[in-house]
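This is what each chain is made of:
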Amino acid sequence: QVQLVESGGGLVQAGGSLRLSCAASGRTFSDYAMGWFRQAPGKEREFVSAISRSGRSITYYADAVKGRFTISRDNAENTVFLQMNSLKPEDTAVYYCAADLTVSVFTDASKYDYWGQGTQVTVSS
């Protein structure tokens, strides 16, 4: 079992930046692959970014955020981060952190067993 708590969301103007954090508790954090997903009103949850288990820490990004968002993890702090730069109004959504021990298809939300409660990100134009 692992518990996830996101923070760092808020209201920002277009072109601004936010840094989301996801604090994990429970089993060894470094064993988990971590992902960020988002869901806008009336839309399905979509993949944003992921980072593999510690070791190689391979990162993955959705095309819509590539070059603007950066995922990272701090195993000493049991935390994964999502640095979001050059934000656009279309980035507005609830952002969710997810974790899984065995996920291999990092873009598939159904492959993650553990989820946080979400944090709202609103980008004004």
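You'll find the structure just up there.
In this text the structure is predicted, and so the values were computed from the model without any measurement.

*Asks:* I tried to follow the sheet that holds strand β8 (residues 79-84) on my own but got confused; where do I start?
*Replies:* Sheet strands pair via backbone hydrogen bonds, and the direction of the pair is either parallel or antiparallel. Taken together, four strands build an open sheet; the order of strands is β1-β3-β8-β7 and the sheet is antiparallel. A single partner strand is all that each edge strand has here, and the edge strands are β1 (2-7) and β7 (69-74). Neighbour-to-neighbour, the strand axes of this sheet turn through a mean angle of 15°, independent of strand direction. Where β1 meets strand β3 (residues 18-26), six bridges bridge the pair, whose relative direction is antiparallel.

*Asks:* I would appreciate a short explanation of the pattern of salt bridges in the present structure.
*Replies:* Once their charged atoms are close, side chains differing in charge can pair, the charge on each being opposite to the other. Considering all chains together, one arrives at four salt bridges under this definition. When the shortest N-O distance is used, the salt bridge between K66 and D63 registers 3.2 Å. Using a relative accessible area of 67% as the deciding quantity, one classes D63 as exposed. Put simply, R68 and D91 hold a salt bridge, and the shortest N to O gap is 2.7 Å. On the criterion of sequence distance, the pair formed by R68 in the loop between β6 (59-61) and β7 and D91 in the loop between β8 and β9 (93-100) is long-range, its members being 23 residues apart.

Basis of the calculations
- Residues numbered from 1 in each chain as written.
- Predicted model: local features only at pLDDT ≥ 70, side-chain atom pairs only at ≥ 80, totals over all residues.
- Heavy atoms only, no water.
- Pairing = 2+ DSSP bridges.
- Helix = DSSP H or I, 4+ residues; strand = E, 2+ residues; numbered from the N terminus.
- Axes fitted to C-alpha atoms, helices over the stretch in contact; angles between N-to-C directions.
- Salt bridge = Lys/Arg side-chain N within 4 Å of Asp/Glu carboxyl O.
- Buried < 20%, exposed > 50% of the residue type's maximum accessible area, 1.4 Å probe, protein only.

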